[in-house]
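One-letter residues, chain by chain:
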Amino acid sequence: MPRNRGCIVKLDRIDIRILHELQKNGRITNVELADLVHLSPSPCLMRVKKLQQAGYITGYSAQIDIAKLGQTITVFTEVTLKNHRQIDFARFQQAVEKVEEVIECHLISGGYDYLLKFVTGGIGDYQTIMERLTDSDIGIDKYFSFVVMKSPFIKAHLPLKSIFPM
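These numbers were taken from a predicted model, which means no experiment stands behind them. Each residue is numbered by its place in its chain's sequence as written, counting from 1. In keeping with the predicted nature of the model, local features appear solely for residues at pLDDT of at least 70, side-chain atom pairs appear and are counted solely at 80 or more, and the whole-chain, interface and lining totals rest on all residues. Hydrogens are left out, water is left out, and the side-chain values use all remaining heavy atoms of the structure.

Both strand β4 (residues 102-107) and strand β5 (residues 114-120) contribute to a ladder of five bridges, which runs antiparallel. Opposite His106, over in β5, you have Leu115 as the bridge partner. Here, a strand pair is defined by DSSP locating no fewer than two bridges between the strands. Note on conventions: DSSP H or I runs of at least 4 residues are helices, E runs of at least 2 residues are strands, and numbering of each starts at the N terminus. From the end of β4 to the start of β5, which pair antiparallel, there are six residues, and Gly110 there has a positive phi angle of about 115°.

Here the focus is the confidence of the model for the chain. Keep in mind that low pLDDT regions are not for reading the predicted coordinates in detail. Scored by pLDDT, the chain has a mean of 93; 95% of the residues are at 70 or more. Note on scores: pLDDT gives the predictor's confidence for each residue, bounded by 0 and 100. Any two residues whose heavy atoms approach within 4.5 Å at even a single point are treated as in contact. Note that residues 1-6 has pLDDT below 50 and, in this model, 13 contacts with residues that lie over four places away or in other chains.

Before going further, it helps to spend a moment on unusual backbone geometry. Residues other than glycine seldom take positive phi values, yet His38 does so here, at roughly 65°. Looking at the secondary structure, you find His38 in the loop between α2 (30-36) and α3 (41-53).

Before going further, it helps to examine the environment of Ser145. Note on placement: Ser145 falls in strand β6 (residues 140-147). For Ser145, a relative accessible area of 33% corresponds to the partly exposed category. If we skip the residues at most four places from it in the chain, Ser145 touches Val75, Phe76, Thr77 and Tyr126. A distance of 2.5 Å separates the side chain of Ser145 from the side chain of Tyr126, its partner in a polar contact. Burial classes: relative accessible area under 20% of the type maximum marks a residue as buried, over 50% as exposed, and values in between as partly exposed (1.4 Å probe, protein chains only). Whenever a nitrogen or oxygen atom comes within 3.5 Å of another N or O atom, the pair is scored as a polar contact, on the condition that within protein one atom can donate a hydrogen and the other can accept it, and that pairs from neighbouring residues in sequence are kept only if both atoms are in side chains.

All right, on to the pattern of salt bridges then. A side-chain nitrogen of Lys or Arg and a carboxyl oxygen of Asp or Glu constitute a salt bridge if their distance falls within 4 Å. Applying the stated criterion across every chain, the model contains six salt bridges. As a salt-bridge pair, Asp88 and Arg85 come within 2.9 Å of each other at their nearest N and O atoms. Where Arg91 meets Asp88, a salt bridge forms, and the shortest distance between an N and an O atom there is 3.1 Å. Of this pair, Arg91 and Asp88 both sit in helix α5 (residues 86-97), separated by three residues, roughly a single helical turn. For Asp88, a relative accessible area of 2% translates into the label buried. Several salt bridges share partner residues, and in doing so they unite Asp12, Asp15, Arg47 and Lys50 into one network.

Here it is in structure tokens:
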């Protein structure tokens, strides 16, 4: 649980509701938010500031329709490392974090070590990145690529209502 200047911040149902509403609409006014969570504006704003200070809210951003910008390709890549020491994982993670086209990196259980999500301008761009990564000394043993043909939906919010009681 995040700490706020030395003390543990415990969330209640109203805090979870605030987080739920803010992830749906980060541009909502404080008055509208207060109404949705059944608070007056001043206590609502105090709670939002508390959630920000405690690290529950890490930022606000715009959701972009990338298809309107031009053609892209999304690729999920399974990566297996040659060695499995802590230093090997750290070296790999540091290297892929520097690749702007890698938008997600997950250390996972199962038959391989990492699942990466790439968004690039095309398959050639993706292949160039993978060749650069495999030629560098970051410990990649093998990788498998899965090109996304279509994404029927992508949810930008977490299922807070079903995970945490409100």
